[in-house]
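Descriptive analysis of the structure
Given next are the chains, with one letter for each unit.
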Amino acid sequence: MSAQPEHAFGAAANDTDAQETREWLDALSAVIATGGRERGHFLLEHLLEQARQEGIDMPFSATTGYVNTIEPQDEERCPGDLEMEERLRAYMRWNAMAMVVKANRLHPEDGGDLGGHISSFASVATMFGCGFNHFWHAESENHGGDCLYIQGHSSPGVYARAFLEGRLTEDQLLHFRQEVGGKGLSSYPHPKLMPHFWQFPTVSMGLGPLMAIYQARFLKYLHARGIADTANRKVWAFLGDGEMDEVESMGAIGVATREKLDNLIFVVNCNLQRLDGPVRGNGKVIQELEGEFRGAGWNVIKLVWGSYWDPLLARDKDGILRQVMMETLDGDYQHMKANDGAYVRKHFFGRHPKLLEMVAKMSDEDIWRLNRGGHDPQKVYAAYHRAVNHKGQPTVLLVKTVKGFGMGRAGEGKNIAHQAKKMSDEDIRAFRDRFNIPIPDDRLPEIPFYKPEEDTPEMKYLHARRQALGGYLPKRRARADEQLPVPPLEAFKAVLEPTAEGREISTTQAFVRFLTTLLRDKQLGPRAVPILVDEARTFGMEGLFRQIGIYNPEGQKYTPQDRDQVSYYKEDQAGQILQEGINEAGGMASWMAASTSYSTNNRIMVPFYIYYSMFGLQRVGDLAWAAGDMQARGFLLGGTSGRTTLNGEGLQHEDGHSHILAQTIPNCVSYDPSFAHEVGVILHHGLKGMVERQDNVFYYITLLNENYAMPGLQPGTEEQIIKGMYLALPAAGKDRAPLVNLLGSGSILRESIAARDLLDKDWGVRANVWSCPSFNQLAREGQDCERWNLLHPTDKPRVPFVAQQLQPHAGPVVASTDYIKAYVEQIRPFLPKGQGYKVLGTDGFGRSDFRSRLREHFEINRHYIAVAALKGLSEEGKVPAARVAEAIAKYGLDADKINPLHA
């Protein structure tokens, strides 16, 4: 056997026996030569295990060489017409470029640029083409359809394909990023704006990877429970290497391994550039990601080099080329692709004399032609084929490309590539020539779109490939075909009736009773998806463990510690509960998968995700916004809500602003109910809308952990509850006594009721108590009225619902809630004219103490409500100002203490 060259293994200075080292290496080479690579790998794995047993616990590298995972001789050959696909891909590249450049050249009178991205699709075009032509199934009779999380900045390329397919018109392409007129194309994948086209919003970096993982898991969940056959469906997520720096991108990759999501494929487009520069200029991002994914248990496929490198690598018997490939930094690779073949010869091959000798007969043009793997359609096909056929693990493909491929001086491999949205006439001419687009010189100034005639071989091939895969993608289902009836409101009487004396409950318990009743419904019950983030016992939901089980694809292999209890921790392959652990982002991603199941799976599901309200919209607000874009349908339930309710937990647990955050999402309908019957009416109304009518809204409902008597539903108030306001307790006392209106929601409504009694007993003032389950809904309705009145000046003005309710009850209005003042300030413009308005709220940081002390601290309790009511009456001249001062003294209020906002 020939000795290995010194440089290949560094002639390690710490090698105490070079002869023995050579013998071990020669032995391994012999095994591989006779038994194959798999036999060699088998022996190495057993050697490592033996080393661990012998006490050698030093870690070994999780990375492989900087070469392709799949050897040329092992590549599955692409069955397609690669020349035909290359021509089609060239047309798409041209149309994508033209779309962006035209959008930024036309309409100078409107001022400013519309933006857009050329370079991202330029780098990923070959990977997209391979997927669309050979792998990605549309929904059909025999296939549920693959889920595509498209790299957001590459949307022009997807539009360019849809244009060739006849799914988009030239007029639509001309209105790229011009949506106000109703015929434009959205900047990025937005289901809200293009409800029949885009499935998933992905351009908020990091959300695509996270959503894709939980989408793949939800497909497994549906299959395990027998709701839908998802066995042959795949979830593909296209990501940028710069995007992988987002915490969400890598945060759940362990979940994918634990759940054995072999229906999940990540494709990381490693063009080595983020928005403004190299991703890892001083390192190698592909190697870094390989180590992280392989360490997490993923199947890793690296596609670094294209076919033009294969002969050179085959001649690299002593490993010099592989060594230089590994030693060259990403920043250097980027620099090389921004130059030419002569530069590559000098600065890459020039790193070793033998490499210069290896390419001596190659011209600079030949060297420049040496391609990266992501631009080689045969190698992309081979990588995809291996990924879709891998079992037992999720797969990540790390594919090396050039950002701005084909753009030449306008951006190829340059730091400015991401921002490139304009090209000079000379650059456009070079682009045409490089991709051989049949557009004559005299038409180049107008940058026309190019589409071959329908009877050409290219177009016939384009349509044939998609027909073979079930139809065109991307495509979104806007409504489920199935219809599921919702049980009548009377079926939930357990939460509608008054509670018996001594049987006080919380609104959280009311929710659990509602859910328990729903789960018993034979048609809709199996479609309920309870989602928990490790707080089932906090919310009193542990009874569901045994009733419906916790989903685990492997069942329960252990005996739970609480097995002898009625509500033991039961995991099951067909379990209905999704238990996410301490993981709000994962819980939200699961909820999003379930809440859009009507679209992705043609199955209506009703997810109920319950969590600490402080750790909901504040923590996962970007996901909630994306859920609005995705047209999610389901229930978010913020437990132990309010600034003063979770009394012992303190500043970071006490929520006083989640309803303000909810109000920012246009299709989020939010409520802060006080009583069990309100919870029941709201949940039932949401079910009717989202399940029966398939309304594109989702609900955010805050719940309490305080137990108190529930008054029961007043017949006829159901619609008012939904609108946001009803008279819960009319004023009592002498008819001529001054009248005030006390508004409240959630836990603080009971303080308003107590203030009503104080005002009557201590000051002879009558008070109506209004339950306002949703100041947000009241504000939205008021804004609608205000807009209508603005645009219909000669018609009879519309009166906001708040004003309609309060007009018959003259007198000042006092609103007190467990949320910041801005929550109830929203309705001030819509109150009847002449009625004063006092707002109490919990602005400032929370803190730990007893509820009563916290409510005194934040100045929202019964005493402050009573004082505010008297102050309002004094401003109307109905009681003397001295009465207010007297009340302050009587209730021991500290008029000189620091404002809670600054305390």
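Because the structure is a prediction, the values reported are computed rather than measured. (Residues numbered from 1 in each chain as written. Predicted model: local features only at pLDDT ≥ 70, side-chain atom pairs only at ≥ 80, totals over all residues. Heavy atoms only, no water.)

This part is about the overall build of the protein chain. Secondary structure summary: the protein chain contains 35 helices and 18 strands in total. By its C-alpha atoms, the protein chain is 110 × 75 × 55 Å across when sized along the principal axes. Relative to its 903 residues, the protein chain shows a buried fraction of 57%. The long-range fraction of contacts in the protein chain, counting pairs at least 24 apart against all pairs at least 6 apart in sequence, stands at 78%. Put simply, the protein chain shows about 37900 Å² of open surface, and 50% of that area lies on carbon and sulfur atoms. (Helix = DSSP H or I, 4+ residues; strand = E, 2+ residues; numbered from the N terminus. Buried < 20%, exposed > 50% of the residue type's maximum accessible area, 1.4 Å probe, protein only. Contact = heavy atoms within 4.5 Å. Areas by Shrake-Rupley, 256 points an atom, 1.4 Å probe, with all protein chains shown as cover.)

Our focus in this paragraph is the pattern of salt bridges. Taken as a whole and judged by the stated rule, the model has 50 salt bridges. For the salt bridge of E75 with R77, the shortest nitrogen-to-oxygen distance reads 3.5 Å. Between K354 and D318 there is a salt bridge, and its shortest N-O distance comes to 3.6 Å. Of this pair, K354 sits in helix α15 (residues 353–358) while D318 sits in the loop between α11 (310–314) and α12 (320–327), and the two are 36 residues apart along the sequence. (Salt bridge = Lys/Arg side-chain N within 4 Å of Asp/Glu carboxyl O.)

Here helix α4 (residues 119–134) crosses helix α17 (residues 377–388) at 60°, and the two axes come no closer than 9 Å. Accordingly, the angle class assigned to the pair α4 and α17 is oblique. As α4 runs across α17, the sense of the crossing is right-handed. Contacts between α4 and α17 pair T126, M127, C130, G131 and H134 from the former with P377, V380, Y381 and Y384 from the latter. Of the residues in the contact of α4 with α17, the class split is 6 nonpolar, 3 polar and no charged. (Axes fitted to C-alpha atoms, helices over the stretch in contact; angles between N-to-C directions. Parallel < 35°, antiparallel > 145°, perpendicular 65-115°, else oblique. Left-handed = near helix turned anticlockwise from the far one by under 90°. Nonpolar A, V, L, I, M, F, W, Y, C, P; charged D, E, K, R; others polar.)

Our focus in this paragraph is the packing of aromatic side chains. Aromatic ring pairs are reported here in terms of the distance separating the ring centres and the angle at which the planes meet. Within this structure, the stated rule accounts for 48 aromatic pairs. Grouped by ring-pair contacts, the aromatic residues F121, F128, F132, F135, W136, W236, F238, Y381 and Y384 constitute a single cluster. For the cation-ring pair, R177 lies above Y188, with the distance from its terminal atom to the ring centre recorded as 5.1 Å. Note that R619 overlies the ring of F615, its terminal NZ or CZ placed 4.5 Å from the centroid. (Phe/Tyr/Trp six-rings, centres within 6.5 Å; stacked < 30°, edge-to-face > 60°. Lys NZ or Arg CZ within 6 Å of the ring centre and 35° of its normal.)

This next bit is on a nonpolar patch on the surface. There is a patch of nonpolar side chains on the surface, built from W24, L44 and L47 and spanning about 320 Å² of accessible area. Here W24 is to be found in helix α1 (residues 18–35). (Patch = residues over 30% accessible without salt bridge, like charges linked within 9 Å, V, L, I, M, F, W, Y side chains within 5 Å.)

With that out of the way, let us pick up the confidence of the model for the protein chain. Scored by pLDDT, the protein chain comes out at a mean of 92, with 96% of its residues at no less than 70. Across residues 1–11, where pLDDT falls below 50, the model places 17 contacts with residues more than four positions away in sequence or in other chains. (pLDDT = per-residue confidence, 0-100.)

Further remarks concern unusual backbone geometry. Residue P474 is reached from L473 by a cis peptide bond, and omega for that bond is -10°. Position of P474 relative to the elements: it lies in the loop between α19 (457–468) and α20 (493–496). Not every positive phi belongs to a glycine, and R177 is a case in point at roughly 65°. Here R177 shows up in the loop between α6 (170–174) and α7 (207–224). The phi dihedral of T640 is positive, around 45°, even though this residue is not glycine. With respect to the helices and strands, the residue T640 is situated in the loop between β11 (635–639) and α26 (658–663).

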